[in-house]
Structures are given as structure tokens and as C-alpha cells.
Amino acid sequence: MTINIPSHVEMIIDRLGSAGFEAYAVGGCVRDSLLGRKPEDWDITTSARPHQVKALFGRTVDTGIRHGTVTVLMGGCGYEVTTYRVDGEYEDGRHPKDVAFTASLEEDLKRRDFTINAMAYSPGDGIIDKFHGMEDLKAGIIRCVGNAGERFTEDALRILRAVRFSAQLGFSIEDETQEAIRRMAGRLQLISRERIQAELDKLLCSSHPEYFRKAYELGITKVVLPEFDAAMKTPQRNRYHQLSVGEHTLKTLGQIRADRVLRWTMLLHDLGKTETMSEDPDGTIHFYGHAKKSAEMARRIMKGLKFDNAALDAVTLLVTYHDFPFEISPKGVRKAMNRTGELFPALLEVCTADSMGKSSYAQETYLPKLELVKKYYEEIKAAGDCVALKDLAIRGADLIAAGMKPGKEMGRCLEECLELVLEAPEKNEREYLLEFCLKKQDEK
Ligand code: ATP
Ligand code: MG
């Protein structure tokens, strides 16, 4: 069996081979090629030691020399070439205490996480598959190499990787591997929050974000996002919902584009319902103020997972306005555009996905309204209406020139002008707004 490998990778394998070393493409790139997916990067495993690799190639970078990894640069691309190794004992459930090199490809493949990730390939030898990776790939199964419990004890990150690969590939997780995850999910506490975030990102942005359910069923969210477990246990009985908060959340994940900010927004948008639930005497359930509560929780959760500020701010804003608390009118839409800025189109996507996750009654109610919002939005854009301070017909400098003192009061006055113009765009006129401000000042 042959797979298509890039010419650079073939050159690297050839050159190592001519120098008397073994070398193979390995791991994710072999898996993805066999699946007909485009590999993100090509990793090479070799019997050569790092100094021997460096001696054979003109341009190299010592990316992980302690772990045996040298990056070989070719034609503007980097290829990680790593010496065959066995991992030493794991003391903290994450970092191997020491790394030992080995002369055996099989030993190197044995330390890898899943059978589908433990295959190697070279044009000369074809596929090397010591752990029935090909079989599992065909059957769509994620299975640990060796004893699952031991493998998760060595490195708890593999627990999340199992669910992440299952979501990316649409695979099931083999029973023993799954049972070991259930038993050992608590060890995820040992893993850094950055790494947890990175795996959750990949899971959420996969083609099966609804597999997040698996993370819940296997006890993973209990450790990394306990608020989600609470949402799964929060019922919703009203005209708009038939599903629990958690089930509704999972449904909305599948209704939105695979974008990090959008998927995280859907995951977090209703978590505040758990804490804002109230019940009428007739059993109807309400969640007054849940959007604000959810936004607070989103901020806290994302901080905890060490998100960058840009993503954190965007998600928090989208969660705050996810139930579109604006009038369905040109005026309301201008206000919404002002409050959300460049995120307004994303907000429309969030509102649509949210509606799609609700009862058919709710869909019939909300989707036509959202269509109307979109229509107004297009009209506002076409008209070039002012929706931000920067589009206002006057600026601070104009007010100063007219004799106003710079400072807080002036800023407040400009804000008031903007609110006026959001209500009535025809008022965005220099003379009119100047007069409005000066009159305000006189009233003081
Ligand atoms: P992708 O790059 O799409 O996330 P990948 O399979 O290439 O998938 P990487 O994290 O790039 O994943 O790792 C490359 C290879 O290294 C894996 O295919 C696997 O063989 C091995 N590997 C990575 N992380 C681990 C781990 N935590 N435990 C055991 N083996 C691992
Ligand atoms: Mg990779």
C-alpha cells in the first residue's frame, strides 16, 4: 500500500536512508493520508540521533533537542524529525521523567497514544502497522495502544485526546478505552489548563461538536467544565423548549459554523440558566436575566482556561446579547449594531443557531423575526447610517471649538448625540448636534 507523501518528506527519508538510518513518516500524517484527509503537518521518526540528523541537513532548528526532535527546513517548510524513543516513567501524569532513545521502531510506536496514531510509512517499506491501526481506522475506532488504564495514568491528556479524535473523525471509542476514561477522568486535574483548552478547541471546532456529549457521559466535563454538568441537569419546560439546557446547548453546537468564537459562544451561552431558574405555580420555568449571568460565567470559565483576551471578550459579548434584547425595528437593529460592533454578523449567526436548537414553536416565532433583523441590517448598511461614535457628524474637537470644556461631560454629551442618532439617523447633522450639545451645556 502506498500513500502520497510530499517530495520534501520523501527527500528527508531518502537522505536518512542513504546514510544508513531508518526513517518513516509517522502518526497523524499517516492516519490522515489513509483517511484521504489532508495532513496538517508531516512528522518523521528515525533511528538517527539528533546530531546525526543535523549533520545530514543544511538547515535545521533544535526545536526539542532534549526529546530528540530536530526541525529540518526545506523550501520554506519545517519537518519535525524525531529520534526513536521510549518515554521514561511519568511522575506527574503528563511529562515523561526522562526520554531514552531506542534503535527499535516498534518501541517508538508502542509509546504512542492510539492505534490509529501508531502507524509509520516509508516508500520503501510501505505501511508499518504493529497494533492493528489500519483495522481500527477502517472500523472507525479509537483504541489505546496497549493497556488503556496504564496509558492514561502515564499521561492524562490522552483522555481528552481520545474524545477529540473521536469528534474529529466521527469515530467511536473502544469499550476498554472508554471504561478507562470513565475511571481516570479525574486525572485531568493534573493537566495544564492551556492544554485542556487546546483540546476542547479542537473538539468543538471538529465536524462533530455534538460529541461533546461524550465528554459529559465519560465524566470529563465534571472535571474540566462542571457548569456543563449542571446544565445537563437543568430542565426547561416552557413553550420554547423541550430539551434540558445541556441538550439544547449540544443541539446548537451543530447549528453553527466551525469557528472557535462561535462554537464557544454556543457552549457557554445558556450556562447561567442553572442559577437563574424560577418556576411558576403552573410549572412553567423561567430564566430571567440568564444572558447576563451566562456572560459572567463565560468570562470566568474562559479566564480559568487561559483564553486570550480577544476570544474571551468576543464570546462574552456574544453571550450577553445572544437572546437579542433589542426592538425588532431599524432603530433596535442600529442599537444592536452599536453595542456589538464588528461582531454583529456573528451575533446573527448565534441567534439563528440558538433558535434552531429550540422547539418548533420557538423556531416559527423567532426565525422570521431574525430574517427581518437581517433585512434591516442590510438596509442600514446600504444607507450608511451612523452606528458608532466615529461616524457621528461631530467630534470632540468641534465641541471644543464651540467653547465646550474637554472632559467627562463632553464625552457624555457625544454619547447622548449618538443615542439620538441611533433613534433617528437623519439627526446626524453637524449643526443640529452642535446646537443640541450647547443647549445641554446651558441647562447645567
Ligand atoms: P493533529 O496534529 O491533527 O492534532 P496528530 O495525531 O498529528 O493530530 P500530534 O499532537 O501532532 O497529533 O502528535 C503527533 C503524534 O505523536 C500522534 O499521532 C501520536 O502518535 C503521538 N502523540 C502525540 N501526543 C501524544 C500523547 N500525549 N501520548 C502519546 N502519543 C502522542
Ligand atoms: Mg500533528
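That block above? That's the structure.
About the criteria used
- Residues numbered from 1 in each chain as written.
- Chains lettered and ligands numbered in written order.
- Predicted model: local features only at pLDDT ≥ 70, side-chain atom pairs only at ≥ 80, totals over all residues.
- Heavy atoms only, no water.
- Helix = DSSP H or I, 4+ residues; strand = E, 2+ residues; numbered from the N terminus.
- Rg over C-alpha atoms; globule rule 2.2 N^0.38 Å.
- Buried < 20%, exposed > 50% of the residue type's maximum accessible area, 1.4 Å probe, protein only.
- Contact = heavy atoms within 4.5 Å.
- Areas by Shrake-Rupley, 256 points an atom, 1.4 Å probe, with all protein chains shown as cover.
- Expected span 1.5 Å × (residues − 1).
- Arc of directions from axis to C-beta.
- 1 Å grid on protein atoms, 1.4 Å probe; cavity = no way out; pocket = protein on both sides within 12 Å on 5 of 7 lines; lining within 4 Å.
- Points joined across faces, edges and corners; volume = space filled by probe spheres on them.
- Nonpolar A, V, L, I, M, F, W, Y, C, P; charged D, E, K, R; others polar.
- Phe/Tyr/Trp six-rings, centres within 6.5 Å; stacked < 30°, edge-to-face > 60°.
- Lys NZ or Arg CZ within 6 Å of the ring centre and 35° of its normal.
- Salt bridge = Lys/Arg side-chain N within 4 Å of Asp/Glu carboxyl O.
- Near = heavy atom within 4 Å.
- Polar contact = N/O pair within 3.5 Å; in protein donor to acceptor, adjacent residues only side chain to side chain.
- Pairing = 2+ DSSP bridges.

Caption draft 1: Representation of the overall build of the chain. Scanning the chain from N- to C-terminus turns up 23 helices and 13 strands. Computed over the C-alpha atoms, the radius of gyration of the chain is 28 Å, more than 25% above the 22 Å expected from 2.2 N^0.38 for a compact globule of 444 residues. If you line up the chain on its principal axes, its C-alpha atoms span 90 × 60 × 40 Å. When burial is assessed residue by residue, the chain has 50% of its 444 residues classed as buried. Restricting to contacts in the chain with at least 6 residues of sequence separation, those with at least 24 account for 63%. For the chain, the computed accessible surface area is about 20900 Å², with 49% contributed by carbon and sulfur atoms.

Caption draft 2: Region of the structure containing helix α23 (residues 430-443). Here α23 is 14 residues long and its end C-alpha atoms lie 20 Å apart, about the 20 Å a rise of 1.5 Å per residue gives. Among the residues of α23, Leu433, Leu434 and Cys437 are the ones counted as buried. When α23 is viewed along its axis, its buried side chains cluster within an angular range of 105 degrees and face the same direction. Away from its buried face, by an angle of more than 90 degrees, α23 presents the exposed residues Glu431, Glu435, Lys439, Asp442 and Glu443.

Caption draft 3: Representation of the layout of surface pockets within the structure. Reported here for the second largest pocket is a volume of approximately 620 Å³. Every residue lining the second largest pocket is counted, 26 residues in all, and those nearest its centre are Tyr240, His290, Asp323, Lys358 and Tyr366. At the level of elements, β13 (285-286), α16 (290-304), α19 (344-356) and α20 (360-383) are the ones that each hand at least two residues to the lining of the second largest pocket. Considering each element in turn, the lining of the second largest pocket owes the most residues, four residues, to α20. For the lining of the second largest pocket, the per-class residue count stands at twelve nonpolar, eight polar and six charged.

Caption draft 4: Molecular detail of the packing of aromatic side chains. In this structure the tally under the stated criterion is nine aromatic pairs. Measuring from ring centre to ring centre gives 6.1 Å for Phe114 and Phe165, while their planes differ by 75 degrees; the resulting arrangement is edge-to-face. One end of the pair, Phe114, is in the loop between α4 (105-110) and β8 (120-122); the other, Phe165, is in helix α7 (residues 157-169), with 51 residues separating them in the sequence. Note on Phe212 and Phe228: the rings are 5.1 Å apart at their centroids and 80 degrees apart in plane angle, and the pair reads as edge-to-face. Within this pair, whereas Phe212 is found in helix α10 (residues 212-217), its partner Phe228 is found in helix α12 (residues 226-232), the two being separated by 16 residues in sequence. Its relative accessible area of 0% is what places Phe228 among the buried residues. By the ring-pair criterion, three or more aromatic residues cluster together here, those being Phe212, Tyr216 and Phe228. The positively charged end of Arg164 is found above the aromatic ring belonging to Phe165, 4.1 Å away from the centroid.

Caption draft 5: Looking closely at the pattern of salt bridges. A full pass over the atoms with the stated rule returns 36 salt bridges. The shortest N-O distance in the salt bridge between Glu154 and Arg151 comes to 2.9 Å. Of this pair, Glu154 and Arg151 are both found in helix α6 (residues 148-154), three residues apart, which corresponds to roughly one turn of the helix. Notably, a salt bridge pairs Arg260 with Asp201, separated by 2.9 Å at the nearest N-O pair. On the criterion of sequence distance, the pair formed by Arg260 in helix α14 (residues 260-268) and Asp201 in helix α9 (residues 193-204) is long-range, its members being 59 residues apart. Judged by its relative accessible area of 12%, Asp201 falls in the buried class.

Caption draft 6: Summary view of the site of ligand 1. With respect to spatial proximity, 15 residues lie near ligand 1, and among them Arg31, Asn117, Asp155, Arg158 and Arg164 are the closest. For ligand 1, an oxygen atom lies 3.1 Å from a polar atom in the side chain of Arg112. In isolation ligand 1 has 580 Å² of accessible area, and contact with the protein removes 80% of it. For the shell around ligand 1, the elements supplying multiple residues, two or more each, are α2 (28-34) and α7. When residues in the shell around ligand 1 are grouped by element, the largest group, four residues, is from α7. The class makeup of the residues in the shell around ligand 1 is one nonpolar, three polar and eleven charged.

Caption draft 7: Looking closely at the pairing of strand β1 (residues 23-26). Side chains of β1 alternate between two faces, with Ala23 and Ala25 and Tyr24 and Val26 buried alike. The pairing of β1 with strand β2 (residues 43-46) spans four bridges and is classified as antiparallel. Pairing of Ala25 across the sheet is with Ile44, part of β2. Two elements, β1 and β8, share two bridges in a ladder whose sense is antiparallel. Following the sheet pairing, Ala25 is matched in β8 by Tyr121.

Caption draft 8: Looking closely at the environment of Ser192. Tracing the chain through its elements places Ser192 in the loop between α8 (175-184) and α9. In this structure, the C-alpha to C-alpha distance between Ser192 and Glu150, residues 42 residues apart in sequence, is 20 Å.

Caption draft 9: Main features of the pairing of strand β5 (residues 77-83). Where β2 lies against β5, four bridges are found, and the strand directions are parallel. Bridging across to β5, Asp43 finds its partner in Glu80. One ladder, built from six bridges, connects strand β4 (residues 69-74) with β5; its direction is antiparallel. If you follow Val72 over to β5, its bridge partner there is Tyr79. Two successive antiparallel strands, β4 and β5, enclose a turn made up of two residues, where Gly75 displays a positive phi of approximately 50 degrees.

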